[in-house]
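Per-entry structural report
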Amino acid sequence: MLRAGSAVACVACRNLLPSRMGVRFRLPLQKLHPLSRAIHHRYSSNSNPQRPPHCLAARYFTSLSRLPVRPPKSKSGGHGYQQQRSFWVARLAARLLKLRYILLGSAVGGGYTAKKTFDEWKDMIPDLSEYTWVVPDFVWELTENFDLDKLASALPEIEEIAKLLPDMEKIGENFTFLKSLLSSGVGSEVIGASGLRLLLETSGDPTLKAPEIQQATAAVPESGDKQFKKSSDKEKIDQLQEELLRTQLKYQRMLERLEKENKELRKVVLQKDDKGIHQRKVKKSLIDMYSEVLDILSDYDSNYNTQDHLPRVVVVGDQSAGKTSVLEMIAQARIFPRGSGEMMTRSPVKVTLSEGPHHVAMFKDSTREFDLGKEEDLAALRREIELRMRKSVKEGQTVSPETISLSVKGPGIQRMVLVDLPGVISTVTTGMASDTKETIFSISKAYMQNPNAIILCIQDGSVDAERSIVTDLVSQMDPQGKRTIFVLTKVDLAEKNLASPSRIQQIIEGKLFPMKALGYFAVVTGKGSSSESIESIKDYEEDFFQNSRLLREGMLKAHQVTTKNLSLAVSDCFWKMVRESVEQQADAFKASRFNLETEWKNNYPRLRELDRNELFEKAKNEILDEVISLSQVTPKHWESILQKKLWERVSTHVIENIYLPAAQTMNSGTFNTTVDIKLKQWTDKQLPHKALEVAWETLQEEFARFMAEYKGKDQDDIFDKLKEAVKDESIKRHKWNERAMDSLRVIQHNALEDRSITDKPQWDAAIQFMEETLQSRLKDTESVIADMVGPDWKQRWMSWTKRTPEQHIRNETKNELERLLKLHEDHTAYLANDEVTTVRKNLEARGVEVDPVLIKDTWHQLYRRHFLQKALFHCNLCRRGFYYYQRHFVDSELECNDVVLFWRIQRMLGITANTLRQQLTNTEVRRLEKNVKEVLEDFGEDTEKKVQLITGRRVQLAEDLKKVREIQEKLEAFIEALHKEK
């Protein structure tokens, strides 16, 4: 609220209490608040200070002022004092009647002025309803997620607010002092003070009630006190008090609600930013920029010897030496899964440490933040790390070279990038892969052979130094120790167990191991319990080193102990290495980029540099365009190819199993009966399945045809493998709607039941269909007979060929059977046994040995040709038989039931083709298009699949160019930020 200064005081208020009273008031002029302006002193600048209107001065005094009173000076009794007292009694009696008007006027005036000022403020607020479009829509959606009733219920009650206000007992003591003044005969001054206190209570301090007012005015004579306590005045004062109290509480609650909503909105907006709903540029920290470069380099396979030589801190050590514990102390959180003696780190974990206001962790490929201050989030983070490690390990292996990238931010964390590697082992135990030891060595060497990598060598101090394996490995990779920092863990156990603590001193001084290092550190990472917190471990570490004889006796130096000193030293070394090497690495990638761009210009001068993802998107659009072309196929084309393919599929069954057996009958009644029975059996069992197979094959062939015909001058051959894979996978996933089979069976059965040929064109069409079918079959039969008997005399003469012995035997058998057919033109389809014997004996008489089976086989083909020739002759006779058909062949020797059969077959084919075409265009084409889209989406998410299907030097070159450019740009941005930080 308002603060009162002490420089200037209003003359009117200063004259309320003369200095001779012994009470010195310092009433400053407040820095004006809007409410204070409305009740400001009118007489603060009056040129006549002798007689100020003290009542008005009390009325217009600010509502939050306090009267810092002092105890009055003691007065000695005397004659002058008695005269002065008689004078003040007369004045008090004269003005006591005006007291209630002063009090009532002060209260009503102050309350009315406050209400008027509030109304003026309210009217000054502009109408913002027309400008709601300025605020983004998602903010209005966020407001719907807040329950205002819950926020209001969370606000403090009046009783709780009253507890925060000044102590009323001390204020009561001040009023007791005022009472003593009144008892000393101070009249008019107390009246003014009482009016001032009333105004303060009604407008500034709502917790002061009527009892305090009564206590303040207890020294007033009884007649004035009775008038002050009239019920009408008290009711008005109470109403004003309650109204001011409600107004103050209302605005206080509004402020608290807005503050809470603002915090919630900031949190939600930041979460929305992370999900990409409301993107805005956020200035990245230096370490985050550097970590992004390392993440890109981990996926980059260089073909130009531009190796990743950027610095990072590589944490290596024997298994269970405390590597993970040291890293957790640096990160200030128990973030890694733990186990007693078993291997827990199964793959490299890259941890990017940076300073931030909140202690959180996040994976590179995830937007979820783990609050490291909450135990449930810590447990979830440890489970996620363990799950990712197990997923990265291939079947049959124990460790994996795949890197898990994690960032940790928090207050006081040193900025650096660390890589926690699997612990080095000496023996492969049961359950491990046989090559686990060699794999861990190769992973460790791959990270440590980077000439700019800082090696953080962790050695367990609680075991014998001679058992260490990692020290020899580090000595091989960094023999001079220019980038190695040695860390001795579990020093508390080492001091307790070792008989000679000087051995620890030898280790820290680098005299025990043959390896060299930049620095040596001794740390304690807890008592071995996984439930210990970081804070308790820090306290334990500090207490240990403060009381340890290692420091007291000078074996260790103060800067060589505690993980805090270690993290500071590692961070300084890391950034020093970064500043020394990053520009050199940027120049190397710049040269690599020049080489790649030169190769592209020489080999692909007219092509854009599209990487694998961009090529996939281009191929995806082309495939979708080809699929859409299926919907543009005309119904006539669909029905034509469906009818043709369906007849090719069923024609053999119709001729061999329906027409030929029925044609062997002697009369038309038997012919029709046989045909109806066989058509019914065919429709119930085989025909619908055959029709759906034909429709599905037709859809596949049309799809493949459109994809093949789409190739033109702009077609890129690099997509052929991808398109073929998409086509095969889409067809494999596509399942024909089997529910259409039942309806198709009914339609086909009804079509075959109909025998009524309505007009001559239909009759002629059936004649033509029958004739084409029989001629095709006759041609096939003659071809088979020609292959059986071999070349005739013309072919032998012209082509200088001759018959084989088998063909000679078949030719003689054919000639003998043809003579039999000439004698018996109405012979049945099968030879009798005596006829077979007669033919065989006739051939033997001419010196040809023949088998009876060969005779029957040859007879089948000869009789088939004979029958088809007779059927074609009968078909020509039926061209003029439509008139007799209409009369049901009454009084006619001509019977054309076979024409009716072919008409029924032809009509069934047309109706089936139409039905299948409708199902294709209305359902199956759309389902196939949906399958193609799903396949493309699946392929787009499968990186390995894209690498398999989009290959070639051109693709790899574009990929390398993209990666190198991205790395170079990010390195340059990092270098620029690094120079600015200097």
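Looking at an unreviewed UniProt entry, the protein chain carries the name Dynamin-like GTPase OPA1, mitochondrial, with the source organism given as Pygocentrus nattereri. One UniProt comment on the protein chain, placed under Catalytic activity (unreviewed entry), says "GTP + H2O = GDP + phosphate + H(+)". Of the protein chain, the UniProt comment under Subunit (unreviewed entry) reads exactly: "Oligomeric complex consisting of membrane-bound and soluble forms of OPA1."

Quick word on a negative patch on the surface
Taken together, the side chains of Glu535, Asp539, Glu542 and Asp543 make up a negatively charged region of the molecular surface. On the basis of relative accessibility, which here comes to 42%, the residue Asp539 falls in the partly exposed class.

Observations regarding the pattern of salt bridges
For the structure on display, the rule yields 46 salt bridges. With a shortest N-O distance of 3.4 Å, Lys490 and Asp460 are connected by a salt bridge. With a gap of 30 residues between them, Lys490 in the loop between strand E8 (484–489) and helix H19 (491–497) and Asp460 in strand E7 (residues 454–460) connect regions that are remote in the sequence. Residue Lys490 is classed as partly exposed on the basis of its relative accessible area of 23%. With relative accessibility at 10%, the residue Asp460 sits in the buried group. The salt bridge partner of Glu702 is Arg705, with a shortest N-O separation of 2.5 Å.

Observations regarding the environment of Pro401
With respect to the helices and strands, Pro401 occurs in the loop between helix H16 (375–392) and strand E5 (404–410). With 39 residues separating them along the chain, Pro401 and Ile440 place their C-alpha atoms 8.7 Å apart.

A closer look at the pairing of strand E2 (residues 349–355)
With six of seven residues buried, E2 is to be regarded as a mostly interior element. Two strands pair when backbone bridges link them, and E2 and E5 are joined in this way by seven bridges, in the parallel orientation. The residue of E5 that forms the bridge with Val351 is Leu406.

Re the sheet that holds strand E1 (residues 313–317)
Across a sheet, strands are paired by hydrogen bonds formed along the backbone, either parallel or antiparallel in direction. With respect to topology, nine strands assemble into an open sheet ordered E4-E3-E5-E2-E6-E1-E7-E8-E9, the strand pairing being mixed. The sheet is open, and its two borders are formed by strand E4 (370–371) and strand E9 (519–522), each paired with just one other strand. Here four bridges tie strand E3 (residues 360–363) to E5, and the two strands are oriented antiparallel to one another. Bridge assignment links Met362 to a residue of E5, and that residue is Ser407.

Quick notes on the state of the cysteines
Overall, the coordinates contain one disulfide when judged by the stated rule. Between Cys878 and Cys896 runs a disulfide, and the two sulfur atoms are separated by 2.1 Å. Taking the torsion about the S-S bond as the criterion, the Cys878 to Cys896 disulfide, at about -100°, is left-handed. One end of the pair, Cys878, is in the loop between helix H34 (852–877) and helix H35 (882–886); the other, Cys896, is in the loop between H35 and helix H36 (897–941), and 18 residues separate them in sequence. In this structure, Cys878 and Cys896 share a single accessibility class: buried.

Thoughts on the packing of helix H29 (residues 740–753) against H36
Axis separation between H29 and H36 bottoms out at 8 Å; the angle between their running directions is 155°. Put simply, H29 runs roughly antiparallel to H36. Considering only the axes of H29 and H36, their crossing is right-handed. Residue-level contacts link Ala740, Leu744, Ile747, Gln748, Ala751, Leu752 and Glu753 of H29 to Arg904, Ile905, Arg907, Met908, Ile911, Thr912, Thr915, Leu916 and Gln919 of H36. Of the residues assigned to the contact of H29 with H36, the class counts are nine nonpolar, four polar and three charged.

A look at the nonpolar core
Ranked by size, the top nonpolar core spans 101 residues in total, and within it Tyr659, Trp682, Leu699, Trp763 and Ile905 carry the most contacts. Of the residues forming this core, the biggest block, 17 residues, is contributed by H36. Discounting chain neighbours no more than four positions away, the residues touching Tyr659 are Val654, Met770, Leu774, Phe867, Ala871, Asp898, Leu901 and Phe902. Grouped together as the second largest cluster of nonpolar side chains are 67 residues, Leu310, Phe336, Phe521 and Leu971 included.

Quick notes on helix H28 (residues 720–733)
For H28, built from 14 residues, the straight-helix expectation of 20 Å at 1.5 Å per residue is met to within 8% by its first-to-last C-alpha distance of 20 Å. Within H28, burial applies to Leu722, Lys723, Ala725, Val726, Lys727, Ser730 and Ile731.

What counts as what
- Here the residue numbering is sequential within each chain, running from 1 through the sequence in written order.
- In keeping with the model being predicted, local features are shown solely for residues with a pLDDT of at least 70 and side-chain atom pairs are shown and tallied solely at 80 or more, while totals for entire chains, interfaces and linings include all residues.
- To obtain the side-chain values, all non-hydrogen atoms of the structure were used and water was disregarded.
- UniProt positions are given in the numbering used here, feature names are shortened, and annotations may be inferred rather than shown by experiment.
- By definition, no residue in a patch forms a salt bridge, and every one has over 30% relative accessible area; like charges are joined within 9 Å, nonpolar side chains (Val, Leu, Ile, Met, Phe, Trp, Tyr) within 5 Å.
- All accessibility values rest on the Shrake-Rupley procedure with a 1.4 Å probe; residue burial counts only the protein chains present in the view.
- Each reported salt bridge corresponds to a side-chain nitrogen of Lys or Arg within 4 Å of a carboxyl oxygen of Asp or Glu.
- Residues scored as charged are limited to Lys and Arg (positive) and Asp and Glu (negative), so that His and the chain ends carry no count.
- Working definition for charges: the position is that of NZ of Lys, CZ of Arg, CG of Asp or CD of Glu.
- Burial classification: accessible surface area is computed with a 1.4 Å probe over protein chains only, and a residue below 20% of its type maximum counts as buried, one above 50% as exposed, and the rest as partly exposed.
- Secondary structure counts use DSSP, requiring at least four H or I residues in a row for a helix and at least two E residues in a row for a strand, with both numbered from the N terminus.
- Any two strands are treated as partners once DSSP identifies two or more bridges connecting them.
- Note on terminology: disulfide denotes any pair of cysteine sulfur atoms within 2.5 Å.
- Inter-axis angles, ranging from 0 to 180 degrees, are taken between N-to-C directions of lines fitted to C-alpha atoms, where helices are fitted over the stretch in contact.
- Orientation is classified from the angle alone, with under 35 degrees giving roughly parallel, over 145 giving roughly antiparallel, 65 to 115 giving roughly perpendicular, and any other angle giving oblique.
- Two helices that cross are described as forming a left-handed crossing if the nearer one is turned anticlockwise from the farther one by less than a right angle, and a right-handed crossing if clockwise.
- The contact criterion used throughout is that any non-hydrogen atoms of two residues lie within 4.5 Å.
- Three residue categories are used. Nonpolar comprises Ala, Val, Leu, Ile, Met, Phe, Trp, Tyr, Cys and Pro, charged comprises Asp, Glu, Lys and Arg, and polar comprises the others, including Gly.
- Buried Ala, Val, Leu, Ile, Met, Phe, Trp, Tyr and Cys residues that are joined via side-chain atoms within 4.5 Å together make up what is termed a nonpolar core.
- Working rule for helices: expected span equals 1.5 Å times residues minus one.

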